[in-house]
Amino acid sequence: MTIQTIGVIGAGTMGNGIAQVCAAAGYRVLMLDINDEALERGLSALKRNLERQVSKQTLSSAQAEDAIARVQTSTDYSLLNGADIVVEAATENLDLKLRILKQISHYVHPTCVIATNTSSLSITHLGASVDKPERFIGLHFFNPVPMMGLIEIIRGLQTSDATHAQMIALSDRLGKTAINAGNRPGFVVNRILVPMINEAILVLQEGLSTAEDIDLGMQLGCNQPIGPLALADLIGLDTLLAVVESLHDGFNDSKYRPAPLLKEMVAGGLLGRKTGKGFYQY
Ligand code: NAD
């Protein structure tokens, strides 16, 4: 099957990044969100990132313009009937995703692959909400999508070999390296990364060190390119909390309990970069 058009659901942190790499790889992209404001924000982030690549000379201005021209934005799910692959990258919430996937499944043609970028929810469970779940799969990109070289591919119990092979081919075309991960909360990378970030928040909450020193410690002491609290701000504290809660609920193990400070910050709307304030001010 020749892939020409990719639908991306959600124009947020991940959605606009996924739309960008797909458009830059030559696919037509349809990016959907719930309102024009979210779409405009997503599209301007996408344009800004492509312009940055032009100024770094990793992309020519003609390539950037062509990529932007391949991106269409809309709030209308019925346009998905022209998509060959749809990647769901909406807010990390099980009920919302189940609803969105049902809606996608209603509009796409029967051979369209439906993928989710969920960080932690069960692929088998989400797949049960689509018609023909053998064409459903986890395609987990990393943040920031244009810069990160990895994609985790997660099969649900129903996912077919053909769907899996198509996602390996897509990762390759996007210039990413794919690893296979089992369908357990957090898959592989977040299962390891997220408890580390949660622990950094506990360390801050206990007053053992400042945010700056915790980050500096992990950068210089563990060679991490960015400290765990700065990374939490980049991920988005609401998304991070949703992943910690999925680990906690999914494994029913208290070692994954969310840091109270993380819960408090999310309740207070301090979500990191996307709201201008988290552990740092932006
Ligand atoms: P975000 O909050 O930045 O963006 C979510 C977007 O989804 C918003 O623009 C919101 O308006 C939109 N949305 C909500 N309901 C919708 C609907 N019914 N239809 C279409 N759009 C809808 O979140 P994000 O960080 O981009 O996360 C998106 C997904 O990617 C989540 O599943 C998350 O777990 C996953 N993920 C996030 C990261 C990260 O670092 N942030 C990394 C990997 C995977």
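Residues numbered from 1 in each chain as written. Predicted model: local features only at pLDDT ≥ 70, side-chain atom pairs only at ≥ 80, totals over all residues. Heavy atoms only, no water.

### Comments concerning the overall build of the protein chain
For the protein chain, the count of helices and strands is 11 helices and eight strands. The C-alpha atoms of the protein chain give a radius of gyration of 19 Å, which matches the 19 Å a tight globule of 282 residues would have. Judged by the C-alpha coordinates and their principal axes, the protein chain covers about 55 × 45 × 35 Å. Counting over 282 residues, the protein chain shows a buried share of 48%. Within the protein chain, contacts between residues separated by at least 24 positions form 66% of all contacts whose residues are at least 6 apart in sequence. Carbon and sulfur atoms make up 51% of the accessible area of the protein chain, which totals about 13200 Å². Across the protein chain, the 23 positively charged side chains and the 28 negatively charged ones have centroids separated by 3 Å. (Helix = DSSP H or I, 4+ residues; strand = E, 2+ residues; numbered from the N terminus. Rg over C-alpha atoms; globule rule 2.2 N^0.38 Å. Buried < 20%, exposed > 50% of the residue type's maximum accessible area, 1.4 Å probe, protein only. Contact = heavy atoms within 4.5 Å. Areas by Shrake-Rupley, 256 points an atom, 1.4 Å probe, with all protein chains shown as cover. Lys, Arg positive; Asp, Glu negative; His and termini not counted. Charge placed at Lys NZ, Arg CZ, Asp CG, Glu CD.)

### Examining the pattern of salt bridges
Using the criterion set out here, one finds five salt bridges in the structure. For R41, the salt bridge identified is with E37, shortest N-O distance 3.6 Å. Of this pair, R41 and E37 both sit in helix 2 (residues 36-55), four residues apart, which is roughly one turn of that helix. E37 matches R41 in its accessibility class, with the two residues each being exposed. Here E88 makes a salt bridge to K97, at a shortest N to O gap of 2.6 Å. Both residues of the pair, E88 and K97, belong to the buried class. (Salt bridge = Lys/Arg side-chain N within 4 Å of Asp/Glu carboxyl O.)

### Quick notes on the site of the ligand
Near the ligand there are 25 residues, and of these D33, Y77, E92, K97 and S119 occur at the shortest range. Taking Y77, its side chain carries an N or O atom lying 2.7 Å from a nitrogen atom of the ligand. Considered on its own, the ligand offers 830 Å² of accessible surface; in the complex 89% of this is hidden by protein. Every element with two or more residues in the shell around the ligand is listed here: helix 1 (13-24), helix 4 (94-107) and strand 6 (136-141). Examining the composition of the shell around the ligand, we find that three residues originate from one element, helix 4, more than from any other. Tallied by class, the residues present in the shell around the ligand amount to 11 nonpolar, 10 polar and four charged. (Near = heavy atom within 4 Å. Polar contact = N/O pair within 3.5 Å; in protein donor to acceptor, adjacent residues only side chain to side chain. Nonpolar A, V, L, I, M, F, W, Y, C, P; charged D, E, K, R; others polar.)

### Observations regarding the sheet that holds strand 6
Working definition: the strands of a sheet are paired by backbone hydrogen bonds and lie parallel or antiparallel to each other. Spatially, the eight strands line up as an open sheet ordered 3-2-1-4-5-6-7-8, and their pairing is mixed. Of all the strands in the sheet, the pair left with one neighbour each is strand 3 (71-74) and strand 8 (177-181). With direction set aside, neighbouring strand axes in the sheet form an average angle of 25 degrees. Pairing analysis gives three bridges linking strand 5 (residues 113-116) to strand 6, with the strands arranged parallel. From the neighbouring strand, I114 faces strand 6, where its bridge partner is F136. Its contacts with the sheet put helix 4 on strand 1 (5-9), strand 4 (85-88), strand 5 and strand 6, and the angle it makes with strand 4 is roughly 165 degrees. (Pairing = 2+ DSSP bridges. Axes fitted to C-alpha atoms, helices over the stretch in contact; angles between N-to-C directions.)

### Examining unusual backbone geometry
Residues N143 and P144 are joined by a peptide bond in cis, for which omega reads -5 degrees. Tracing the backbone through its elements, the reader meets P144 in the loop between strand 6 and strand 7 (150-154). The backbone phi angle of K132 is positive, close to 60 degrees, even though this residue is not glycine. With respect to the element layout, K132 can be found in the loop between helix 5 (123-127) and strand 6. Located in the positive-phi region is N223, a residue other than glycine, with phi close to 60 degrees. Mapped onto the fold, N223 is located in the loop between helix 8 (211-222) and helix 9 (228-235). You can call N223 exposed: its relative accessible area is 70%.

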